[in-house]
Amino acid sequence: MVKLTELLASIHVLEAWNDKGLDIHGLAYNSRNVRQGDVFVCIKGFKTDGHAYIAEAVKNGAAAIVVEDYQEGWEDLPQYRVVDSRQSLAAMSDAYYNHPSRSLKTIGITATNGKTTTSFMTDAILEEHNLKTGLIGTVVVKYGNYSEPTKLTTPESLDLHHYFARMRDQDVSHVTMEVSSSALDLSRVGSVDFDIVTLNNISREHIDLHGSFEEYFNSKASLIRNAGADKWAILNLDDAYSASLIEETKAKLLTFSVETGDGDLICKDLDLSTGRAKFKVEIRKPFEVGNTAYEPQEFTIELSTPGYHSVYNSMVAIAAGLLNEVPIQTIQKGLKGFGGVERRFEMVFEDDFKILDDHFANYGNINVTLSTLEQMDYANLKLVYAIRGSRGVTVNRENAKAIVEWAPKLGLTEVIATVSHSHVSEKDAVKEEELRVFQEMMGEAGIRVDLYKELDDAIHHALSEVEKEDVVLLAGCQGMDPGAQIALEQLNKTRPEMDEEKLFKPLKNRVAGIL
């Protein structure tokens, strides 16, 4: 039990009714999760309004409510009116769990593309340094021996601070987390004490949610702009939007580049001929972190994860490693041993031909994926594309545009497309207008589209035509999640002589897309 007055001290209450100075059990933002003695925080969402569920919350035992509007008919129930119930939930959650992120070295990673891989790379480096780590992101929440698949890239603030508290109580010292634009916009990371923040890249995504690209950028940028003078910000000078924040943060800066040769850390002598990068990192000027002083020097990095975008992701992870005083040899070993994140340019089959699996989410992501393919050695490309469902015409037009722009460079004259009818839920189903804009743009570019209702049939088409030294790219978000499993199961049937354990090894630790 905790005194409600202690939690209310963390927020600005505009008005209070029937204030009784209660001892309360906990907090809840979902009326179904309310327990006896909880405070129910009414959040106004995009589809539902928590104020409409007060009766259910009270029935389940709510002892008080936090509201944005006074609620008639609940005169006997303590009510506390605030300007923004989401911000209040975050602050009260942080107070309820006794400010857990202050006890942790917390790294917040935002970007349009690469948040997941960058966070996993960073975690791999920290683990290689024998630190007890936590990881929060799109794929999984994990710490110690605990892991669970996630529903949101960044959990709701109450859940997030609960995770931090559990990590603190298990002596975790360092936490790496993905920070989505929605989380920043909706105060899910409110009251989190970030030590290191980074904005790697930004391109058009979630525009319908934020209203405009400018608002989307401002949401992302707030992670950097709000960082204090005692924090560190890692910025990518190859990305104009990331670079623009240099003068807009009080945080200490560590900058990098892969292409321009600018910044504190630069990538040199990049070799991507095998699809897996080898390069040198040059520290261009001395800097100090804690008890560690870094002098100008060069060191070699070899990545086990394929892709040009992996280079950018690794540069952020390297910077984060240095800022956590991880020795360079340990950083090298951690990245070399890191096998990658599922569905992020993942090599799921590598024999007489290759099968790559990539989430192909948006224009920027598609560009870096296909730019890697351009630098690889292979015969022909078979692109199996799951059209992105329920993300709007704008995203689908831009995704199609990226494919069209790369098609002549990659010798691509055909796309095997699918709406993945049986493998997506209603919230990810392809709308008629989304399919239409994709087909129109392919048609205008003279690219043939072989369209399939079912993902299994689209993959079968590609595998039935694949030849030696070809690459099959399984591309797409939710609709392609089970694609790797389907492809390997089809190969298992057509090539019964193959070692099953070796064939299915890429699926061994998968969280998403397992049927």
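This is a predicted model, so every value here is computed, not measured.

Rules of the game
- Every residue gets a number counted from 1 within its own chain, in the order that chain's sequence is written.
- Totals for whole chains, interfaces and linings use every residue, but because this is a predicted model, local features are given only for residues with pLDDT of at least 70 and side-chain atom pairs only at 80 or more, for both listing and counting.
- Side-chain measures here rest on the full set of heavy atoms in the structure, leaving out hydrogens and waters.
- Helical segments are the DSSP runs of H or I of at least four residues, strand segments are the runs of E of at least two, and each set is numbered from the N terminus.
- Only the C-alpha atoms count toward the radius of gyration. The rule for a globule is 2.2 Å times the residue count to the power 0.38.
- Between buried and exposed lies partly exposed: a residue is buried under 20% and exposed over 50% of the maximum accessible area for its type, with that area taken using a 1.4 Å probe on protein chains only.
- Any two residues whose heavy atoms approach within 4.5 Å are treated as being in contact.
- Accessibility throughout is a Shrake-Rupley quantity obtained with a 1.4 Å probe, and a residue counts as covered only by protein chains that appear here.
- Polar contact criterion, stated in full: a pair of N or O atoms within 3.5 Å, where within protein one must be able to donate a hydrogen and the other to accept it, and residues adjacent in sequence count only if both atoms are side-chain atoms.
- Any two strands between which DSSP finds at least two bridges are classified as paired.
- Note on aromatic contacts: the rings of Phe and Tyr and the six-membered ring of Trp form a pair at centre separations within 6.5 Å, being stacked when their planes are under 30 degrees apart, edge-to-face when over 60 apart, and tilted otherwise.
- Consider the ring centre and the ring normal. A charge sits over the ring if Lys NZ or Arg CZ is within 6 Å of that centre and within 35 degrees of that normal.
- By definition, a salt bridge exists where a carboxyl oxygen of Asp or Glu is found within 4 Å of a side-chain nitrogen of Lys or Arg.
- Where helices are involved, their axes are fitted lines through C-alpha atoms of the stretch in contact, as for all axes, and angles between N-to-C directions lie from 0 to 180°.
- Here a crossing is called left-handed whenever its near helix is offset anticlockwise from the far helix by less than a right angle, and right-handed whenever the offset is clockwise.
- All amino acids are sorted into three groups, where Ala, Val, Leu, Ile, Met, Phe, Trp, Tyr, Cys and Pro are nonpolar, Asp, Glu, Lys and Arg are charged, and the leftover types, Gly among them, are polar.
- Only buried Ala, Val, Leu, Ile, Met, Phe, Trp, Tyr and Cys residues count toward a nonpolar core, and they belong to the same one when joined by side-chain atoms within 4.5 Å.
- We call a crossover right-handed when, viewed with the strands running away from us, the connection from the first strand over the helix to the second turns clockwise.

Chemist: Would you mind going over the overall build of the chain with me for this structure?
Modeler: Broken down by element type, the chain carries 17 helices and 26 strands. Relative to the 2.2 N^0.38 estimate, which gives 24 Å for 515 residues, the radius of gyration of the chain is 24 Å and therefore close to what a compact globule would have. Projected onto its principal axes, the C-alpha coordinates of the chain cover approximately 75 × 55 × 45 Å. When each of the 515 residues of the chain is scored for burial, the buried share is 57%. In the chain, the share of contacts with a sequence separation of at least 24, taken over all contacts with a separation of at least 6, comes to 67%. Per element, the accessible surface of the chain, about 21,900 Å² overall, is 45% carbon and sulfur.

Chemist: Could you clarify how one ought to interpret the side chain of Ser 119 in this entry?
Modeler: Within the secondary structure, Ser 119 sits in helix H4 (residues 115-128). One polar contact links the side chain of Ser 119 to the main-chain carbonyl oxygen of Thr 116, over a distance of 2.7 Å.

Chemist: I tried to follow the sheet that holds strand E5 (residues 39-41) on my own but got confused; where do I start?
Modeler: Adjacent strands of a sheet pair through backbone hydrogen bonds, lying either parallel or antiparallel. The five strands are arranged E2-E7-E6-E5-E4 in an open sheet whose pairing can be described as mixed. Two strands bound the open sheet, and with one partner strand each, they are strand E2 (15-17) and strand E4 (27-28). Here strand E6 (residues 64-67) pairs with strand E7 (residues 79-81) via three bridges, running parallel. The residue of E7 that forms the bridge with Val 67 is Arg 81.

Chemist: Would you mind showing me how to read the pairing of strand E11 (residues 146-149) here?
Modeler: Consecutive side chains along a regular strand alternate between the two faces of the sheet. As defined by bridge partners, strand E10 (residues 140-143) adjoins E11 across four bridges and the pair is classed as antiparallel. If you follow Val 140 over to E11, its bridge partner there is Pro 149. In this antiparallel pair of consecutive strands, E10 and E11, the connection spans two residues, and Gly 144 shows a positive phi of 55°.

Chemist: Is there a simple way to explain the packing of aromatic side chains in this structure?
Modeler: Aromatic ring pairs: the centre-centre distance and the angle between the two ring planes describe each pair. Counted under the stated rule, the structure contains 12 aromatic pairs. Residues Tyr 96 and Tyr 97 carry aromatic rings whose centres are separated by 4.9 Å and whose planes lie at 85° to one another, so their mutual orientation is edge-to-face. Among the aromatic residues, those joined into a ring-pair cluster are Phe 213, Tyr 216, Phe 217 and Tyr 241. Directly above the ring of Tyr 146 sits Arg 166, whose terminal nitrogen or CZ lies 4.9 Å from the centroid. Taking the ring centre of Trp 406 as reference, the NZ or CZ of Lys 409 above it sits at 4.1 Å.

Chemist: Help me understand the pattern of salt bridges, please; the structure alone is not making it clear to me.
Modeler: Where charged atoms of side chains with opposite charge meet at close range, the side chains can pair. Tallied over the entire structure, the rule returns 28 salt bridges. For the salt bridge of Lys 231 with Asp 195, the shortest nitrogen-to-oxygen distance reads 3.8 Å. Of this pair, Lys 231 sits in the loop between helix H8 (213-225) and strand E14 (232-236) while Asp 195 sits in the loop between helix H6 (181-185) and strand E13 (196-199), and the two are 36 residues apart along the sequence. Here the two residues Lys 231 and Asp 195 agree in accessibility, since each one is buried. Across the pair Glu 350 and Arg 276 runs a salt bridge, and its minimum N-O distance is 3.4 Å.

Chemist: Would you mind going over the sheet that holds strand E23 (residues 381-386) with me for this structure?
Modeler: Strands sit in the order E21-E22-E26-E23-E24-E25 across an open sheet of six strands; the sheet is mixed. With partners counted over all chains shown, the strands left at the sheet margins are strand E21 (346-350) and strand E25 (448-452), one partner each. Taking each pair of neighbouring strands and ignoring which way they run, the sheet shows an average axis angle of 20°. As paired elements, E23 and strand E26 (residues 471-475) share five bridges and run parallel to each other.

Chemist: Where do I start with the packing of helix H10 (residues 308-323) against helix H11 (residues 328-337) in this structure?
Modeler: Angle between the axes and distance between the axes are the two parameters that describe a pair of packed helices. The interhelical angle for the contact between H10 and H11, taken along N-to-C directions, is 145°, at an axis separation of 10 Å. Considering the relative orientation of H10 and H11, their crossing is right-handed. In contact with Ser 314, Ile 318, Gly 321 and Leu 322 of H10, H11 contributes Ile 328, Ile 331 and Leu 335. Looking at the contact of H10 with H11, its residues break down into five nonpolar, two polar and no charged.

Chemist: Where do I start with the nonpolar core in this structure?
Modeler: Inside soluble globular proteins, nonpolar side chains tend to come together where they are buried. One finds Leu 265, Phe 279, Phe 287, Met 315, Ile 318 and Leu 322 to be the most contacted residues of the largest nonpolar core, which totals 46 residues. If you tally residues by element for this core, the top one is H10, at 11 residues. If sequence neighbours within four positions are ignored, Leu 322 has contacts with Leu 265, Ile 283, Phe 287, Val 289, Tyr 294, Ile 328 and Ile 331.

Chemist: Any chance you could explain unusual backbone geometry here in plain terms?
Modeler: Backbone geometry follows two general trends: most residues other than glycine have a negative phi, and most peptide bonds adopt the trans configuration. In this structure, Asn 130 takes a positive phi of about 65° despite not being glycine. Mapping Asn 130 onto the fold places it in the loop between H4 and strand E9 (133-136). Residue classification places Asn 130 among the exposed positions, given a relative accessible area of 72%. Here the phi dihedral of Ser 420 falls at roughly 50°; this positive angle occurs in a residue that is not glycine. Tracing the backbone through its elements, the reader meets Ser 420 in the loop between strand E24 (414-418) and helix H14 (432-444).

Chemist: Explain the pairing of E23 here, please?
Modeler: E23 sits mainly inside the fold: six of its six residues count as buried. Side chains Leu 381, Leu 383 and Tyr 385 project from E23 onto one buried face, and the interleaved Lys 382, Val 384 and Ala 386 project onto a second face that is buried too. One ladder, built from three bridges, connects E23 with E24; its direction is parallel. Following the sheet pairing, Tyr 385 is matched in E24 by Ala 417. With respect to chirality, the unit in which E23 leads through helix H13 (residues 393-410) into the neighbouring parallel E24 is right-handed.

Take it as geometry only, folks, not as evidence of what the structure does.
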